[in-house]
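# Architecture at a glance
Residue-level listing of the chains:
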Amino acid sequence: MPGADAGIVGILLAGGRSTRFGADKLLHPLADGTPMALASGRRLLAACPHTMSILRAGQTKLCRLLTEIGVDVRVDAACELGIGSSLACAVRATPAAAGWLVALADMPFVGASTVQSVLGALRNGAEIAAPVCRGRRGHPVGFSEGCFAALAGLHGEAGGRRIIEDPARSLTLIEVDDLGVIRDIDRPGDLVAVAANVARR
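Cut-offs applied
- For every chain, the first residue of the written sequence is number 1, and numbering continues from 1 along that sequence.
- In view of the model being predicted, local features appear only for residues whose pLDDT reaches at least 70, and side-chain atom pairs are presented and counted only at 80 or more, with totals across whole chains, interfaces and linings using the full set of residues.
- In computing side-chain properties, one takes all heavy atoms of the structure into account and sets aside hydrogens as well as water.
- The salt bridge criterion pairs a side-chain nitrogen of Lys or Arg with a carboxyl oxygen of Asp or Glu, the two atoms within 4 Å.
- Exposure is judged per residue with a 1.4 Å probe applied to protein chains only, and the accessible area is read against the type maximum: over 50% gives exposed, under 20% gives buried, and values in between give partly exposed.
- By definition, any uninterrupted DSSP run of H or I lasting at least four residues is a helix, any uninterrupted run of E lasting at least two residues is a strand, and each is numbered from the N terminus.
- Here a polar contact is taken to be a pair of N or O atoms separated by no more than 3.5 Å, where protein atoms must pair a possible hydrogen donor with a possible acceptor and residues adjacent in sequence count only if both atoms sit in side chains.
- By nonpolar core we mean a set of buried residues, namely Ala, Val, Leu, Ile, Met, Phe, Trp, Tyr and Cys, connected to one another through side-chain atoms within 4.5 Å.
- Note on contacts: a residue pair qualifies if any of its non-hydrogen atoms lie within 4.5 Å across the two residues.
- Both cavities and pockets are sets of points on a 1 Å grid over the protein atoms alone; in a cavity a 1.4 Å probe fits but cannot get out, in a pocket the set is open with protein on both sides within 12 Å along at least five of seven lines, and lining residues sit with an atom within 4 Å of a point.
- Grid points are joined across faces, edges and corners, and a volume is the space filled by probe spheres set on the points.
- What counts as a disulfide here is a pair of cysteine sulfur atoms lying within 2.5 Å.
- By arc we mean the arc of the directions from the helix axis to the C-beta atoms, nothing more.

## Here's the deal with the pattern of salt bridges
Under the criterion given, the structure shown has 7 salt bridges. Across the pair Arg74 and Asp72 runs a salt bridge, and its minimum N-O distance is 3.0 Å. Looking at Asp72, the relative accessible area reads 22%, which means it is partly exposed. Asp166 is the salt-bridge partner of Arg169, the closest N and O atoms lying 4.0 Å from each other. On the accessibility criterion, Arg169 (23% relative accessible area) is partly exposed. Overlapping salt bridges bring together Glu127, Asp166 and Arg169 as one network.

Put into structure tokens, the structure is as follows:
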């Protein structure tokens with residue numbers, strides 16, 4: 001697959017409960033009918049042929065959909081403990097990876113070129129890499145293999161932010177004109193607004 005990097009593992013964070021959306025937003029169809037998380041998963045898989053997602057026990061349909069497209073899905077209680085625990089679980093399951101590209105399942109409008117840019121920064125030696133749009137850091141975020149211990153030690157709701165903002169680490173920021181990197185979907189209205197903004201780029 002062109003542009004793919006088997007050594008860097010994709011991690012799709014998809015264990016949230018969608019409390020503000022009012023329904024399971026990750027299964028909510030986009031304009032073309034594709035469930036939100038499936039669109040996010042396909043984009044990540046196009047760059048990282050080994051993509052993993054840690055899900056809760058009750059996410060049966062999402063588990064089936066992601067598995068069908070080739071995502072390595074694990075059901076683990078860590079997902080119930082928060083995003084940090086879920087991320088740590090995925091990293092610990094792939095200790096031989098050359099790095100990890102972490103994406104959020106509720107950000108389906110990230111451009112494929114942005115994903116490739118972050119991946120490229122990792123391949124070129126970045127310790128941590130992230131896109132920036134309009135002065136705001138976004139997703140996906142890439143972590144090198146040197147971040148293994150820090151990522152594997154995360155727990156609860158404390159995600160990768162503290163690692164990214166650690167002054168002892170080097171962060172490579174990639175300027176992009178991609179509103180998808182800073183717009184996650186929390187409420188139904190967000191879906192319409194983000195889709196319209198991305199379409200006008």
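## Overview of the side chain of Gln59
Position of Gln59 among the secondary structure elements: in the loop between β2 (51-55) and α2 (60-68). The exposure class of Gln59 is buried, given its relative accessible area of 5%. Within the local environment of Gln59, its side chain forms a polar contact with the backbone nitrogen of Arg56, the two atoms lying 2.7 Å apart.

## As for the nonpolar core
If you look at the biggest cluster of nonpolar residues, it comprises 60 residues, and the most contacted ones within it are Ile11, Leu66, Leu87, Trp100, Leu101, Phe143 and Leu151. If we ignore the near neighbours within four places in the chain, the residues touching Leu151 are Leu87, Ala88, Val91, Trp100, Phe143 and Ile163. Membership of the second largest hydrophobic core comes to 6 residues, among which are Leu30, Ala39, Ile185 and Leu191.

## Observations regarding empty space enclosed by the protein
Considering all chains together, one arrives at 1 cavity of 30 Å³ or more under this definition. Roughly 90 Å³ of internal volume is contained in the largest cavity. Around the largest cavity sit Ser40, Arg43, Leu44, Ala103, Leu104, Met107, Val110, Val115, His139 and Pro140, which together line it. Listing elements by their share of the lining of the largest cavity, those giving two or more residues are α1 (36-47) and β4 (99-104).

## Some remarks on the state of the cysteines
Applying the stated rule across the entire model yields 0 disulfides. Cys89 provides the cysteine sulfur closest to Cys79, a residue in no disulfide bond, and the two sulfurs are 8.5 Å apart. Residue Cys79 is classed as buried on the basis of its relative accessible area of 7%.

## Details of helix α4 (residues 83-92)
Side chains that are three or four residues apart share a direction in an α-helix, a result of its 3.6 residues per turn. Within α4, 8 of the 10 residues are buried, which leaves the element mostly enclosed by the surrounding structure. Buried within α4 are the following residues: Gly84, Ser85, Ser86, Leu87, Ala88, Cys89, Ala90 and Val91. At its buried positions, α4 is contacted by β1 (8-13), β2, α3 (78-81), β4 and α6 (148-152).

## What about α2?
Within α2, the full set of buried residues consists of Leu62, Leu65 and Leu66. Projected onto a plane normal to the axis of α2, the buried residues spread over an arc of 95° and lie on a single side. For α2, the exposed residues lying more than 90 degrees away from the buried face are Thr60 and Glu68. Each element contacted by the buried residues of α2 is listed here: β1, α1, β2 and β3 (72-75). A positive phi of about 110° marks Gly70, the residue just after α2.

That is the geometry; function is a separate question.
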